[in-house]
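Notes for the structure review
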Amino acid sequence: MHPFSISVFIATKMKLAAAMDAFDSLMSYLLHLVLLYVSAGLFYFLYKHKSSGGGGGVTPNLPPGKKGLPYIGETLDFVLASRRGTPEKFVTDRTTKYSPDVFRTSLLGEDMAVFCGAAGNKFLFSGQNKYVTSWWPDSIKKALMDPSSVDNSSKEESTKLRAYLPPFLKPESLQHFIPVMDIMAKEHLDQHWSPYNEVQVFPLSKKYTFALACRLFMSVTDDSEIENFAKPFALATAGLMSVPIDLPGTTFNRAVKAGRLIRQRLLALITKKKNEILEKGKRVASDLVDSMLMDGMTEVEIGNKIVGFFIASHDTTSTAITFIVSYLSDYPEVYNRVLEEQMEVLRCKEAGEPLRWEDIQKMKYTWCVACEVMRLAAPANGSFREAITDFTYAGYTIPKGWKAFWMVHTTHKNPKYFPDPERFDPSRFEGNGPAPYSFVPFGGGPRMCPGKEYAPLEILTFIHNLLTTFKWVKLNPNEKISYIPSPIPKEGLPIKIQPLLN
């Protein structure tokens, strides 16, 4: 699945977080009052007309639930639950009240059916292009993509994207990335961790994963150029699941402005690379952008796809790395077992020899730990679909044009699939592992996240270098977590570090 650094920006953001959260919440409530008392009648009429199909006939047996306020629906409820660090509560409250299989809501201005449980995940994943197709909310497209090049259906867009990604993301190609990942991880730790006694893990992990993505997929290595993309990207992703009202001062407004700046800078970079290909007669692609240019795609199309890929490959992996560091600090026995596994890998290497594919294959328990972390602190909420025909699921009719949403929160902390779900237990992923379609951090089916093979290498390579270089303790064991939209430690996960060998 998919899906598509910021130390300076994150440090500033952390200082202003409380004020910004309060301001955004106040703006949301004020905007609700304006909508309710000034234009509620018009919105309500249009909303009811749209959801009922605009005509007569037999009323279908729609999934149970409610749509909330006109236009905004239950978006605010979802956003507030996420900001409080309990996005699963939005799901469990409704599955308990309405149906454990599927419930109706309205998010981002759209009628939506939320499919629940492993069976719901399987139905949507296997029903791609039969019952549903890929879909991006208008709010997300407005924030991150060029609106002139993206239509209401993303089926063609996503199909094209995956046609370009496999050569770069198949295991045989990824093997060549591992030494680069290893070298960059060492350089990052040496430059941004070693000089200090205390660091913030989250902004630094974002800095590393963003720089790595720029290097591998756009051949961008200059620090200032990376930062020019990283700052607006952070603003844009922060507004992906915000209330979609584009008025000054709102999170969504900042996301739209940042997305516009990202597209401008990407267009300049892509145009420069295109000219270099033409001038030098280049025939072999050195990165993903080169590959797309050589196949005749337009600069705007490439820009949209690169943004989507950065979301899938960067933002989620930095979140996973951050929470792996956090959980290892909380569970010494797990930390010791992971450390021993990584030291054994190191003992088999010559001094200065970079990691390779066979080394990654030895990190089995470390990956079990990473999976358990992604279960408890999923890097992404889920993904959207659009019904391309009327169909029935669990006895309810999903009308054509309705949007569908699958969420990790319907299974990852569900005791039906994971007994004692709040307990941290990496052994869940040993042996046969969880039941099919219950652990879905990368989605599934034809719309499986394109970074599924890339992410483990990036995560494991970084964790190997971190564990074999430093030991650490958390400075605030009770730090609060907010989901905007990925889980974010509100203080950036500050830790005290010292060299491992001391």
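Residues numbered from 1 in each chain as written. Predicted model: local features only at pLDDT ≥ 70, side-chain atom pairs only at ≥ 80, totals over all residues. Heavy atoms only, no water.

**Topic: the overall build of the chain**
Here is the rule: Here a strand is any run of E in DSSP of at least two residues, a helix any run of H or I of at least four, and the numbering for each starts at the N terminus. Using a 1.4 Å probe on the protein chains alone, a residue whose accessible area is under 20% of its type maximum counts as buried, one over 50% counts as exposed, and one in between counts as partly exposed. All accessible areas in this document rest on Shrake-Rupley with a 1.4 Å probe, and a residue is counted as covered only by the protein chains that are shown.
A tally of regular secondary structure across the chain gives 19 helices and 12 strands. Taken across its 502 residues, the chain has 58% of its residues classed as buried. Of the accessible surface of the chain, which amounts to about 21500 Å², a share of 56% is contributed by carbon and sulfur atoms.

**Overview of the sheet that holds strand 2 (residues 110-115)**
In plain terms, the rule: One bridge is not enough; two strands pair if DSSP finds at least two bridges between them. Orientation is described by lines fitted to C-alpha atoms, with helices fitted over the stretch in contact, and by angles between N-to-C directions that extend from 0 to 180 degrees. Residue contacts are defined here by distance: any two heavy atoms, one from each residue, within 4.5 Å place the two residues in contact.
With mixed pairing, five strands are arranged side by side in an open sheet as 1-2-8-5-3. Each edge of the open sheet carries a strand with a single partner, namely strand 1 (102-107) and strand 3 (132-134). For this sheet the average axis-to-axis angle between neighbouring strands, irrespective of direction, equals 35 degrees. Bridge count for strand 2 against strand 8 (residues 403-407) is four bridges, and the pairing is parallel. Its bridge partner being in strand 8, A113 is matched across the sheet by A404. The sheet strands contacting helix 5 (residues 117-126) are strand 2, strand 3, strand 5 (382-387) and strand 8, and the helix crosses strand 8 at an angle near 130 degrees.

**Some words on the nonpolar core**
This is how the line gets drawn: We call a set of buried Ala, Val, Leu, Ile, Met, Phe, Trp, Tyr and Cys residues a nonpolar core when their side-chain atoms join them within 4.5 Å.
Judged by nonpolar contacts, the single largest core of 111 residues is most densely connected at L144, W193, M218, L328, W472 and I495. L62, F123, F391 and A404 belong to the second largest nonpolar core, which has 19 residues in total.

**Digging into the state of the cysteines**
Basically, it comes down to this: Note that a disulfide, as used here, is simply two cysteine sulfur atoms within 2.5 Å.
Counted under the stated rule, the structure contains zero disulfides. For C368, which is in no disulfide, the shortest distance to another cysteine sulfur is to C371 and amounts to 6.5 Å.

**Structural notes on helix 4 (residues 87-97)**
Put simply, the rule is: The arc in question is traced by the directions running from the helix axis to the C-beta atoms.
Residues of helix 4 that are buried include every one of P87, E88, F90, V91, R94 and T95, and no others. Angular distribution of buried residues about the axis of helix 4 spans 155 degrees; they occupy a single face of the element. In helix 4, the exposed positions angled more than 90 degrees off the buried face are occupied by T96 and K97. Close packing links the buried residues of helix 4 with helix 3 (75-83), strand 1, strand 8 and strand 10 (481-483).

**Section: the packing of helix 11 (residues 201-218) against helix 19 (residues 454-467)**
Heads up, the rule is: Note on angle classes: values under 35 degrees are labelled roughly parallel, values over 145 roughly antiparallel, values of 65 to 115 roughly perpendicular, and the remainder oblique. Note on convention: near helix rotated counterclockwise from far helix by under a right angle means a left-handed crossing. Clockwise means right-handed. Gly counts as polar in this scheme, as do all residues outside two lists: the nonpolar Ala, Val, Leu, Ile, Met, Phe, Trp, Tyr, Cys and Pro, and the charged Asp, Glu, Lys and Arg.
Interaxial distance between helix 11 and helix 19 falls to 12 Å at its minimum, and their mutual angle equals 125 degrees. In terms of their interaxial angle, helix 11 and helix 19 are classed as oblique. When the axes of helix 11 and helix 19 are compared, the crossing they make is right-handed. Across the interface between the two elements, Y208, T209, L212, A213, L216 and F217 of helix 11 pack against Y454, E458 and F462 of helix 19. Considering only residue class, the contact of helix 11 with helix 19 consists of seven nonpolar, one polar and one charged.

**Some thoughts on the pattern of salt bridges**
The condition is simple: In the sections that follow, a salt bridge refers to a side-chain nitrogen of Lys or Arg positioned within 4 Å of a carboxyl oxygen of Asp or Glu.
On inspection of all chains with the given rule, the structure shows 23 salt bridges. The residue R337 makes a salt bridge to E430 at a minimum N-O spacing of 3.1 Å. Residue R337 is located in helix 16 (residues 332-347), and its partner E430 is located in the loop between strand 8 and helix 19; the two are separated by 93 residues in the primary sequence. Taking the relative accessible area as the measure of exposure, E430 reaches 34% and is therefore partly exposed. Between R423 and D420 there is a salt bridge; the shortest N-O distance is 3.1 Å. The exposure class assigned to R423 is partly exposed, which follows from its relative accessible area of 38%. Judged by its relative accessible area of 47%, D420 is partly exposed.

**Looking at the pairing of strand 12 (residues 494-499)**
Strand direction decides the pairing type here: strand 4 (residues 198-200) and strand 12, joined by three bridges, are antiparallel. Paired with Q200 across the two strands is P494, which belongs to strand 12. Across five bridges, the pairing between strand 9 (residues 470-474) and strand 12 is antiparallel. Paired with V473 across the bridge in strand 12 is K496.

**With respect to the sheet that holds strand 9**
The strand order across the open sheet formed by three strands is 4-12-9, and the pairing between neighbours is antiparallel. Both outer strands of the open sheet, strand 4 and strand 9, are each paired with one neighbouring strand and no more. For this sheet the average axis-to-axis angle between neighbouring strands, irrespective of direction, equals 40 degrees.

**Focus: helix 11**
Heads up, the condition is: Expected helix span is computed as 1.5 Å times (number of residues minus one).
Look at helix 11: 25 Å from first C-alpha to last across 18 residues, which is about the 26 Å you get at 1.5 Å a residue. Counting buried positions over the 18 residues of helix 11 gives 17, a clear majority of the element. S219 occupies a position one or two residues after helix 11 and carries a positive phi of about 60 degrees.

**A look at the confidence of the model for the chain**
What counts, and what does not: As a per-residue quantity, pLDDT reports the predictor's confidence and falls between 0 and 100.
The pLDDT averaged across the chain works out to 83; a share of 81% of its residues lies at or above 70. Taken element by element, the predicted model of the chain shows its lowest mean pLDDT in helix 1 (residues 7-38) (41) and its highest in strand 4 (98). Between residues 1-56, whose pLDDT stays under 50, and residues either more than four places distant or in other chains, the model counts 113 contacts.

**Some details on the environment of P203**
Here P203 is to be found in helix 11. Each C-alpha atom of the pair P203 and I488 lies 10.0 Å from the other, and the pair is 285 residues apart in sequence.

**Here we look at the pairing of strand 1**
Counting buried residues in strand 1 gives six out of six residues, a clear majority hidden from the surface. Burial of the side chains of strand 1 extends over both faces: V102, R104 and S106 are buried on one face and F103, T105 and L107 on the other. Bridge analysis of strand 1 against strand 2 gives six bridges, and the strand direction is antiparallel. Note that in strand 2 the partner of V102 across the bridge is F115. The hairpin formed by strand 1 and strand 2 contains two residues between the paired strands, and L108 there has a positive phi angle of roughly 55 degrees.

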